[in-house]
Amino acid sequence: MKRNSAYIKGAFIAIALCFGLLAGFGQNNAHAFSNQVVQVGATGEDVVELQSRLQYLGFYTGNIDGVFGWRTYWALRNFQYEFGLPIDGLAGGTTKNKLAKASKYDKAWVNKQIDKGKKFSYYGGEKKSAKSGEAKGGSAKSGTPKAGTAKGTKGTGQAKAKPAQVKPAKNTPDGYSQNDVNLMANAVYGESRGEPYIGQVAVAAVIINRVNSASFPNTVSGVIFEPGAFTAVADGQIYLTPNKQAKKAVMDALNGWDPTGEAEYYFNPDTATSGWIWTRPQIKKIGKHIFCN
Amino acid sequence: MIRTILIVLLFVAVAGTGYWGYSEHQEKNAVLLQAENNYQRAFHDLNFHMDSLHDKIGETIAMNTRNQLSPALAQVWRLTSEAHNDVGQLPLTLLPFNKTEEFLTKMGEFSYRAAVRDLDKNPLSDKEYNTLKELYANSTEIQNELRKTESLAQKNNLRWMDVEMALATNKQPEDNTIIDGFKTVDKSVEGYSDVDFGTEVSNMEKMKDRDLSQLKGKKITKEEAKKIAVDFFQLKKNVKITIESTGKDAKYDAYSLTLYNPDTKGTTYMDLTKKGGYPLYVLYDRNVGKPKISLNEAMLQAEDFLKKHMESQMEMVTSDQYDNIGVFTYARLDNGVRIYPETVSVKVALDNGDIMGYEGTDFLLAHVDKRTPTFKISEQEARTNLNPKFQVKETSKALIRNDINEEVYCYEFLGILGDDTFRVFINAENGNEEEVRKLKEAEPSYNDI
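The rules we used
Residues numbered from 1 in each chain as written. Chains lettered and ligands numbered in written order. Predicted model: local features only at pLDDT ≥ 70, side-chain atom pairs only at ≥ 80, totals over all residues. Helix = DSSP H or I, 4+ residues; strand = E, 2+ residues; numbered from the N terminus. Buried ≥ 20, exposed ≤ 12 C-beta atoms within 10 Å, placed from the backbone. Contact = placed C-beta atoms within 7 Å. pLDDT = per-residue confidence, 0-100. Axes fitted to C-alpha atoms, helices over the stretch in contact; angles between N-to-C directions. Left-handed = near helix turned anticlockwise from the far one by under 90°. Nonpolar A, V, L, I, M, F, W, Y, C, P; charged D, E, K, R; others polar. Pairing = 2+ DSSP bridges. Core = buried A, V, L, I, M, F, W, Y, C linked by C-beta atoms within 7 Å.

## Digging into the overall build of chain A
Secondary structure summary: chain A contains 11 helices and 6 strands in total. Each of the 293 residues in chain A was classed as buried or not, and the buried ones make up 48%. Long-range contacts, defined here as pairs at least 24 residues apart, represent 64% of the contacts in chain A between residues at least 6 apart.

## Digging into the confidence of the model for chain A
Residue and element names in this part refer to chain A. In this model, chain A carries a mean pLDDT of 73, and residues with pLDDT of at least 70 account for 70%. Within chain A, the element-level pLDDT minimum falls on helix α6 (residues 149-155), averaging 36, and the maximum on helix α11 (residues 244-254), averaging 92. With pLDDT under 50 throughout, residues 14-30 is counted as low confidence; its partners more than four residues away or in other chains account for 14 contacts.

## Considering the packing of helix α3 (residues 98-116) of chain B against helix α4 (residues 126-155) of chain B
Angle between the axes and distance between the axes: these two values describe a pair of packed helices. Residue and element names in this part refer to chain B. Where α3 meets α4, the closest approach of the two axes is 12 Å, and the angle between their N-to-C directions is 145 degrees. Like other packed secondary-structure pairs, α3 and α4 cross with a definite hand, here left-handed. Mapping the contact onto sequence places Thr100, Phe103, Met107, Phe110 and Ala114 in α3 and Glu128, Thr131, Leu135, Asn138 and Ile142 in α4. Tallied by class, the residues present in the contact of α3 with α4 amount to 6 nonpolar, 3 polar and 1 charged.

## Notes on the sheet that holds strand β5 (residues 282-286) of chain A
Residues and elements named next belong to chain A. The 3 strands are arranged β4-β6-β5 in an open sheet whose pairing can be described as antiparallel. Every interior strand has two partners, whereas the edge strands, β4 (265-267) and β5, have only one. Strand-to-strand twist in this sheet, taken as the mean axis angle between neighbours without regard to direction, amounts to 25 degrees. Direction of pairing for β4 relative to strand β6 (residues 289-292): antiparallel, over a ladder of 3 bridges. Along β6, the bridge assignment pairs Tyr265 with Cys292.

## Re the nonpolar core
A:Met184, A:Val188, A:Val201, A:Ala204, A:Ile207 and A:Val250 are the most contacted members of the largest nonpolar core, which totals 125 residues. Element by element, the count of residues in this core is highest for helix α8 (residues 197-212) of chain A, at 11 residues. For A:Val188, the residues in contact, after removing those within four places along its chain, are A:Gln200, A:Val203, A:Ala204, A:Pro242, A:Ala246, A:Ala249 and A:Val250. The next biggest cluster of nonpolar side chains, apart from the first, holds 28 residues, and it includes B:Phe43, B:Leu46, B:Phe103 and B:Phe182.

What follows is the structure, encoded as C-alpha cells:
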C-alpha cells in the first residue's frame, strides 16, 4: 500500500514536470495562444497576448486593454502584410504561429500589471523594422520569470516608444457608456425586479425609446431622472444595487431588442394612480406592466 | 430617591426626543427646500429661454442677409434645446405637456436644418418663411401663458413641491394655478400642431409612420403562429407555449409567444407578425456559463442561423463580445451593395454557441425587394471629396439613410485618421459627404462589475 502511494506520487511528479516543461516552452511559442481564432470585437486573454506581441514588434501603439478594437485590427493587418500572410485581420493558426515566433510575451508579468491596473511603459523592445522578424530588444530568456523585462528594456533606448497602459477595457453598445449601462440597470432593477426577464428588457427598451423620442429629454439620465417619470426614482428604489439580470436586460435593449413595439409609457394597472395613463393607446401587456404609446 | 432619578431620566428622554424630532423636521425642510429650489430654477430658466427664443425667432423673420440668418437660426436651435432641457426637469410627466415638448423639438430641427444649409445656394423658401412666422406667433402665445403662470405663482407664493405632492398622492392641490397654467400652454400649442415644417422636419415622423403592411403573406392565426415557433426552434412536444395578441393600438400587429422548455429550463420569448408570420424578435433567457468558444466560432453559428432563417444574403457589419455573449449585426447585401437600413442582430452564447436572440424589426420595416442603384460618379471621383489626411483602407458600395432620413446610395470608405478609424459615406450621385462615422473603441473599465 505504502509502496503503491509512493509510486503514484512519483508519477504525479513526473507529470507535473512534463507540464512544467510544456509551460516553459509555452512562454515563447504558439502554444501560448489558445487555439481559438481571434477576431474584431473579441475580448480576453488571447487579445491581451495579441496586443502585447504586436506591441513588442512595434505594430501596435495603443493600450493593452484586452479588447480587439480597430487599432488592434490595423496593427494585425500591418503585421500580416509585412510577414507575407493573407491580410484578413483575423488571428488564426498561421498568423499566431508567426507572431509567437517573432515576439516574446511574458504572460505572468502582463497579467500582474493588468490586475494592478498599473501603468507600464512600452512593452518589449524599441520600435524597429518588423521585417527582421526577430526581437532583439527583449533580453531575458524564455521560461524565467522576468518581472524586469519590459522595465529593463525601457531604458535601452526606445526613441519613439510612447508609454502604453495596461488597462482592462470593455465593449459597450454604440453611443452608450458603461455609466449609462449602470444607471439604466439601476432604474430597471428598481422599477421591475419582480418581473420576468422579458419585462425587464421591455422597461429598458422604454427608456431608450424615450431618449429617441421628441417628447422626452435626449439623454439616458435626463429620461430617468425626469421628475415623476419613474416611481423607482421618486421613492429611492433606484439606488438599490442591481443584480446581473437587470444588467443583462439593459444590454439586450441597448443592442436593439425591443419587446414593446416602440412603447414610450408603461404602468402597473394594479397600482397606477393616474387616470390619465389609462387614456394612452395600449400596445401589450408584459408581466404585470401594460405598455402603451 | 429612585423616583426622582426616574423622573429626571424621563424628563431627559422627553427633551431628547423633542430635540431629535425638531432637528429631523429641520432637515426635512432643508431637503424639501433644496428640491423646491431646483424646480424653481428650472421653471424660471424655462421662462427666460422662452423669452429669448421668442425674440430670436422674431429677429430671424426680419433678417434679410443670409450670412446673418445662419447664426441666428443656430441660436434658435440652441435655445430650443435649452428650453427642452428645462422642461425635462419639471415634474410634468403626468401632465399633458407633450405637445409643447414636441413643438420645441420640431422647432429645433427646423432651425438646425436651415442653419447648416448653404443659404446662398438654397435660400429659405416662401413656405419656410411662413413656417417661421407661424412659429413666431406660436412662441408668442407660449411665452404669454408661461409668463402669466410665473407671475401668478410668484404672487400667490406657490410651491412646486405642493404640485409634486399632489401629483404623488393623486389629490387635487388646493391651488391649481401651476397645473392649469401648463395645461393652457399645452392647449395653445396643440392648435398649432399642424404648422407645416416642410419636408425636412417631418422626416422624423416618417420614421414613426413605418409599418408592416408591405410584408408578404396573409394573416396567420394563433395556431399557425405556434406551429411556426415550433418549427423555428425545432422544438419537441413537451414545450409549454403561451401566446397573446398585441392590443388594438399596437403599431406592429403581432403575436407574443412565450416558450418554456422543461429540458433546458430556459424560456424563449418571441414576437411574430400577424401578417406573414415573420419573427420580429427572439430572446432566449438562460444562464450562460464561462466563455468556451471564440467570438469567431460564435459568428459562424450566427451565420448558420441566418442562412437557415433568411432568404436574403447578409454581411456582418459589427461583432462585439460582452463577457460571455457575442452580438453581431448583419446588413443585407444586394448585388454587392450593403443595405444599411436593413439590418438584423444576432446574439450568441459563448459557452456552447446557442443562439440567444435575434432582432429583425428594422429589417422588416425597411425591407424593399427591388431598389434601383444610382451610382453616377465613379469611386475615384468620390475619393476626391475625402479629407486628404484620411487614409483609405477599404472601399465598398452602400445604401444608407442620411440625416434627413432619405435613402441614398454611397461609396463607403473605411480608413484611419490619426489613431481613430472612420467610415465615410460619399453620395454616389453628387459627391456630397453624407456621413462620417467614428468607429467606437473599447471603453476603459473604471470599476469591475
